[in-house]
Amino acid sequence: MDKIQIDTVLNRIEEATGQHANPRIAAIVHRMVRDLFHMIEDLDIQPEEFWSGLNFLAEAGRSGELGLIAPGLGFDHFLDLRMDEAESQAGIAGGTPRTIEGPLYVAGAPVAQREARLDDGTGEGEVLVMEGQVKDGAGQPLANAVVEVWHANALGNYSYFDPTQSAFNLRRSIVTDGQGRYRFRSIMPVGYSVPPNGATDRLLKQLDRHGTRPAHIHFFVSAPGHRKLTTQINIDGDPYLWDDFAFATREGLVPPITRVSDAAAMAALGVDKPFASIRFDFTLHADQADAPQAEVARQRASVAA
Ligand code: DHB
Ligand code: FE
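It should be emphasised that the depicted structure is a prediction, and the values quoted were computed from it without experimental measurement.

Novice: Can you lay out the sheet that holds strand β6 (residues 171-175) for me, pointing to particular residues and giving the numbers?
Specialist: Here 5 strands make up an open sheet; going across it, the order is β2-β6-β5-β8-β9 and the pairing mixed. In this open sheet, the two strands that pair with only one neighbour each are β2 (111-113) and β9 (229-234). Put simply, the sheet's adjacent strands are angled 25° from each other on average, direction ignored.

Here it is as structure tokens:
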């Protein structure tokens, strides 16, 4: 189509906007329509392709998978990089890297002081002990910081979204002690894969891609006067470590794993096999008024504790 013809119809659509329109929404919608019109033109998108794309999005919405497609297409990671950039421009540097929240957090997990056991004892998986400190930018420990932790079981599934698991299995909020310390015992997670034959899976197959994440553990770390950190650690050695379908693996978030076979340490945990141990400290940035908010509002699952 003629460039002037496309502009004429786009202008008519934009001019239909009323004077009480929400200006931000209007700007975003107009830009989106403009970009899509040009995409349809440039790629010569056929009517069948347009309607099949629309129906695909509708189905992804109905099955609750839009929150999976977004990370799979790199949007979550891109938003992280933009937040890094904004922080850097506000003079905020260093600290524990952020990485994506993912769609599987559930608010309201049981709160524990200093340490917790995350697994309910019914699941398979190597015993894992993870511990460390929450610190400020000067390396000082942060007492009463809250370490919210959640991860998948040995089948790659998350409680709540997997109704076969007990409530809040592998989910806790741990409050650090006077030295900023936290510790938990759990079981080794296995990488999550998108639901087979769901909208995300079918889209990724069209791209000749897999829908698997390397094994990881999610965290929200917060402390009074400090910017909330959203991050994950990865389990070293996972074959998908640097091949995450959500592009979330980052340098600095792959701590070494130690295997502990010391008899006294095993006895103290009540285990008869060597277990995995990870030490990881979190460093938070102090609140800063001129930096964009680190806490991101979004719809999340929530269960009353
Ligand atoms: C997805 C799943 C995760 O466990 C995660 O951390 C990020 C994304 C997903 O299904 O898209
Ligand atoms: Fe996850």
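Novice: Describe the domain arrangement of the chain, listing the residues and the values that go with them.
Specialist: For the chain, the assigned domains are domain 1 (3-45) and domain 2 (69-302). Each of domain 1 and domain 2 was reduced to a C-alpha centroid, and the two centroids are 40 Å apart.

Novice: Outline empty space enclosed by the protein, listing residues and values.
Specialist: The final tally for this structure, using the stated rule, is 2 cavities of 30 Å³ or more. A volume near 100 Å³ is recorded for the largest cavity. Along the wall of the largest cavity there are 13 residues; nearest its centre are G102, P103, L104, Y192 and R213. Elements with a contribution of two residues or more to the lining of the largest cavity: α4 (66-72) and β8 (216-222). Classifying every residue of the lining of the largest cavity by side-chain character gives 9 nonpolar, 3 polar and 1 charged. A volume near 40 Å³ is recorded for the second largest cavity. In this structure, the second largest cavity is lined by Y105, V106, A109, E148, V149, W150, R171, R172 and S173. Counting residues per element, the ones that place at least two in the lining of the second largest cavity are β5 (146-151) and β6.

Novice: Tell me about the packing of helix α3 (residues 47-62) against helix α6 (residues 199-206), and please be specific about residues and values.
Specialist: Where α3 contacts α6, the axes come no closer than 9 Å and their chain directions differ by 140°. With respect to each other, α3 and α6 are oriented oblique. Mapping the contact onto sequence places F56, E59 and A60 in α3 and A199, R202 and L203 in α6.

About the thresholds
- Residues numbered from 1 in each chain as written.
- Chains lettered and ligands numbered in written order.
- Predicted model: local features only at pLDDT ≥ 70, side-chain atom pairs only at ≥ 80, totals over all residues.
- Heavy atoms only, no water.
- Pairing = 2+ DSSP bridges.
- Helix = DSSP H or I, 4+ residues; strand = E, 2+ residues; numbered from the N terminus.
- Axes fitted to C-alpha atoms, helices over the stretch in contact; angles between N-to-C directions.
- Domains from an automatic or database assignment.
- 1 Å grid on protein atoms, 1.4 Å probe; cavity = no way out; pocket = protein on both sides within 12 Å on 5 of 7 lines; lining within 4 Å.
- Points joined across faces, edges and corners; volume = space filled by probe spheres on them.
- Nonpolar A, V, L, I, M, F, W, Y, C, P; charged D, E, K, R; others polar.
- Parallel < 35°, antiparallel > 145°, perpendicular 65-115°, else oblique.
- Contact = heavy atoms within 4.5 Å.

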